[in-house]
Amino acid sequence: MGGVRGGSGQAGGADSGVLGTALGVVLAFSLAEGSWQWFSTYLGLTLLAVVLAFGRVPVREPGGPAAGYGWNLAAYALVVGLCVALALAPALQRWDWLFPMPGTRDGCVQAGRYESLNARAALGDLAGADPEALGYAQEQRSRAAVDDCLAATTTRWLPVYALGTAVLVAGAAWVWGRSRRAG
């Protein structure tokens, strides 16, 4: 029954699960260029499942060091926060009811309008030759500009969502641990 224990006090499988999750999060963020795609939701949920399956919510041992417990709890909560942020990124980018970003969405729409006009100007006299092709090019450049603008704003705000999730997870784990010791 006694598995190999690492310095964290967790079973050996839990340590590898956390390391694998951390690697996956780094990989996902390094591959995320341009707008957030729904594959990041899949990655975030998969990594969250790994953390929940192999990780253990840190519990303070009676008489154990408070600092070690605090670091374990912080690491667990921050990894869960990263996974949740990664999973939510595409939805935050696309749905204004979930992530209103006051003023930002309007600015992104203006950037899209500018790119649409820029596409027309780039064609010069050729713009009148094929109005359907021009319309398509304008729509594509406008959409790309809006997506890039929203993706950049979403990426800037993701740490806030991740940290908020981490605080909630740490608070819930702390309360859960206290209630387990009391009861």
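First, a word on scope: everything that follows refers to the structure included in this document. This is a predicted model, so every value here is computed, not measured. (Residues numbered from 1 in each chain as written. Predicted model: local features only at pLDDT ≥ 70, side-chain atom pairs only at ≥ 80, totals over all residues. Heavy atoms only, no water.)

A few words now on the environment of Gly 164. Along the chain, the position of Gly 164 falls in helix 5 (residues 131-182). Separated by 79 residues in the primary sequence, Gly 164 and Ala 85 have C-alpha atoms spaced 9.7 Å apart. (Helix = DSSP H or I, 4+ residues; strand = E, 2+ residues; numbered from the N terminus.)

What follows is about the packing of helix 4 (residues 104-123) against helix 5. At a minimum axis distance of 8 Å, the contact between helix 4 and helix 5 shows a crossing angle of 145°. Like other packed secondary-structure pairs, helix 4 and helix 5 cross with a definite hand, here right-handed. Split into classes, the residues belonging to the contact of helix 4 with helix 5 amount to twelve nonpolar, seven polar and five charged. (Axes fitted to C-alpha atoms, helices over the stretch in contact; angles between N-to-C directions. Left-handed = near helix turned anticlockwise from the far one by under 90°. Nonpolar A, V, L, I, M, F, W, Y, C, P; charged D, E, K, R; others polar.)

Attention now goes to helix 5. The terminal C-alpha atoms of helix 5 lie 73 Å apart, and with 52 residues this matches the ideal 76 Å at 1.5 Å per residue to within 8%. At Trp 157, helix 5 shows its largest bend, some 35°, and a proline, Pro 159, comes one to four positions later. (Expected span 1.5 Å × (residues − 1). Bend = angle between axes of the 7 residues up to and from the residue.)

By the definition in use, this model includes two salt bridges. Arg 141 is the salt-bridge partner of Glu 115, the closest N and O atoms lying 3.0 Å from each other. Of this pair, Glu 115 sits in helix 4 while Arg 141 is found in helix 5, placing the two residues 26 residues apart along the sequence. Overall, the relative accessible area of 34% leaves Arg 141 in the partly exposed class. Put simply, Glu 139 and Arg 143 hold a salt bridge, and the shortest N to O gap is 2.7 Å. (Salt bridge = Lys/Arg side-chain N within 4 Å of Asp/Glu carboxyl O. Buried < 20%, exposed > 50% of the residue type's maximum accessible area, 1.4 Å probe, protein only.)

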